[in-house]
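# A look at the structure
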Amino acid sequence: TTVGALPGLDTIPASMATSFDVLPTELIAQIFDEAVMPEQWDSKYTLRDLSIVCRRWRDVAYDTPGLWRYISINLDFIVDAASEARCRAYLETFVPRAKGRVSLDVFTSFECNTYRASIWLELRRLVGSVCWSFRLEAQEDAPQITAYACLDQLQVAPQLEVLCLDYRVEIPAEFSQWTLPRAPKLRELVWKTSYTMFRWPSNIETFPLLRSICVWAQMCDELDDKVQVAEIFSRCPHLVTLDLNLDGDFRSASPIRLELGSLRTLSLSGGESVSLMSTIRLPNLENAAISSIAPSDIPTLFGGPLAMATTLVVRLCHPALDGALARSLVYGLRLQHLRLDP
C-alpha cells in the first residue's frame, strides 16, 4: 500500500474507475465552463491549456460558444504593429467561436495611438453587430479617450444589453456629448465620467428593457444635462434601480414632474440634483440612499422622491444633518429601517 493512501482505496473495483473521456460531451463542456470561468481577465490562459491536452478536449472547447464570449483587451499593450496584429488575431480567434454573441471588457490608461485607433474601429464594429456587453475602464485623464472609447459614430447596437463606461477627460471636448446608440435590448447603463454626458437618441422613444442606470458625471454649463436627467424617467418606463451622483448647478432647473411606479431602489449623491427630483413621485420605492446632502434638502426629499421609502441609508453625514433628519422623519410614513453610515 502506498504511504499516505486512503484506507481501502486499493480495493475499489476497476469498473468504478470511470474515464473522463467517456463522459457525455455536454457534461465535459459544462465542466470546462466552470473551470475556465470565461468572464475573468486571465481565462484565456486556462482555455489555451485545456485545448492542447488532446484532440477531443480541443474539439469540445472549440464547439462551446460560452467559453469564447468574454473578450478582455488591455489597450496599453498595443504599442506597435506586432502587438496590434496579436490583438487582431486574438479577436479573430474568439469572435467566430463565440457564434454571434460576445462581451467586451476594455482597459486603458494611456492616450490613443495609431495602432489602438485601428483596434477601436474593430471594437466599434463588434459593438454594432454581435456585442451584448461593452465595458470600458480608463484609469487616467486622457483627452483623446472619447474620440474612440465613446464610439461616437456608433448609431445602432442591436444586441447590446449592458453598457458600462468608466473614464474621464480633463476639460470638455468636442466629443463630450455622445449619443447613445439605438439599443432596444439595453437593460443596464453605467456612465461614470466627468465633463461628459450621454445624449438619448432622438430616433428611439423608450428603452423598454432598461432596468438599471448609474450616472456619475461632472456636469457642464454648456450642456443641457438637466434635460437628459429628466428624460431618464420618461424614456425608461420599467426602470428599477437608479444611482445618480451629479456634480453641477441644477438649482435653476425646473423640477421634473413625473411619476415612475417601477423604481424600487434610488441612490442620490450631492444636493445639485435635489431641485430636479423634488416633485418626482416614486410610489413603489423601497430602498433609498443619500450622501453629501445638505440639511436643507432633507425635507424636500422626504416630501418628494423619498416619501414612500421603507429603507434609508444616510452616508457622509453633514454635521448639521442629524437634527434635520430627525425632524424630517415625520414625513417618512412608510420608513421602517434607517441606517447612518458616516
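Please refer to the structure placed before this passage.
Residues numbered from 1 in each chain as written. Predicted model: local features only at pLDDT ≥ 70, side-chain atom pairs only at ≥ 80, totals over all residues. Heavy atoms only, no water.

Moving on: the state of the cysteines. A complete count under the given rule lists 0 disulfides for this structure. The thiol of Cys214 is unpaired, and the distance to the nearest cysteine sulfur, on Cys164, comes to 8.6 Å. (Disulfide = S-S within 2.5 Å.)

What the 11 strands build is an open sheet, ordered 1-2-3-4-6-8-9-10-11-12-13; its pairing is parallel. Two strands bound the open sheet, and with one partner strand each, they are strand 1 (70-74) and strand 13 (337-341). The mean angle between the axes of side-by-side strands here comes to 10°, regardless of whether they run parallel or antiparallel. Here strand 11 (residues 287-291) runs beside strand 12 (residues 311-315); their pairing, made up of 5 bridges, is parallel. Looking at strand 12, one finds that Ala288 is bridged to Leu312. Docked against the sheet, helix 4 (residues 81-98) engages strand 1 and strand 2 (102-108), running at close to 170° with respect to strand 1. (Pairing = 2+ DSSP bridges. Helix = DSSP H or I, 4+ residues; strand = E, 2+ residues; numbered from the N terminus. Axes fitted to C-alpha atoms, helices over the stretch in contact; angles between N-to-C directions. Contact = heavy atoms within 4.5 Å.)

Negative phi characterises most residues that are not glycine, and trans characterises most peptide bonds. Its identity as a non-glycine residue notwithstanding, Lys99 has a phi of 55°, on the positive side. Among the structural elements, Lys99 can be located in the loop between helix 4 and strand 2.

For the structure on display, the rule yields 6 aromatic pairs. Look at Tyr90 and Phe94: their rings are 4.7 Å apart centre to centre, the planes differ by 65°, and that puts the pair in the edge-to-face class. Of this pair, Tyr90 and Phe94 both sit in helix 4, 4 residues apart, which is roughly one turn of that helix. Accessibility classification places Tyr90 together with Phe94 in one group, the buried group. Linked through ring pairs, Tyr62, Trp68, Tyr90 and Phe94 together constitute an aromatic cluster. (Phe/Tyr/Trp six-rings, centres within 6.5 Å; stacked < 30°, edge-to-face > 60°. Buried < 20%, exposed > 50% of the residue type's maximum accessible area, 1.4 Å probe, protein only.)

Among soluble globular proteins, nonpolar side chains are generally buried collectively. In terms of nonpolar packing, the biggest core is built from 87 residues, with Phe134 and Ile213 touching the most fellow members. Formed by 5 residues, the second largest nonpolar core is a distinct cluster that contains Trp132, Val162, Cys164 and Cys214. (Core = buried A, V, L, I, M, F, W, Y, C linked by side-chain atoms within 4.5 Å.)

Moving on: the pattern of salt bridges. The tally for this structure, following the rule as stated, stands at 8 salt bridges. The closest approach of N and O atoms between Lys99 and Asp63, which form a salt bridge, is 2.8 Å. Taken together, the residues Lys99 in the loop between helix 4 and strand 2 and Asp63 in the loop between helix 3 (55-62) and strand 1 connect sequence positions 36 residues apart. As a salt-bridge pair, Arg264 and Glu286 come within 3.8 Å of each other at their nearest N and O atoms. Of this pair, Arg264 sits in the loop between strand 9 (241-247) and strand 10 (265-269) while Glu286 sits in the loop between helix 8 (274-277) and strand 11; the two residues are 22 residues apart in sequence, bridging distant segments of the chain. Taken together, the shared-partner salt bridges connect Arg101, Glu161 and Arg187 into one network. (Salt bridge = Lys/Arg side-chain N within 4 Å of Asp/Glu carboxyl O.)

Quick look at helix 4 now. In this model helix 4 runs 26 Å from its N-terminal to its C-terminal C-alpha over 18 residues, within 8% of the 26 Å that 1.5 Å per residue would give. Residues Ser83, Glu84, Cys87, Tyr90, Leu91, Phe94, Val95 and Ala98 constitute the buried set of helix 4. Seen end-on, helix 4 carries its buried residues on one side only, within an arc spanning 120°. Of the exposed residues in helix 4, the ones pointing more than 90 degrees away from its buried face are Arg86, Glu92 and Pro96. One side-chain oxygen of the residue at the start of helix 4 lies 3.3 Å from the amide nitrogen of Ala82, identifying that residue as Asp80. Immediately beyond the C-terminal end of helix 4, within one or two residues, lies Lys99, with a positive phi of roughly 55°. (Expected span 1.5 Å × (residues − 1). Arc of directions from axis to C-beta. Polar contact = N/O pair within 3.5 Å; in protein donor to acceptor, adjacent residues only side chain to side chain.)

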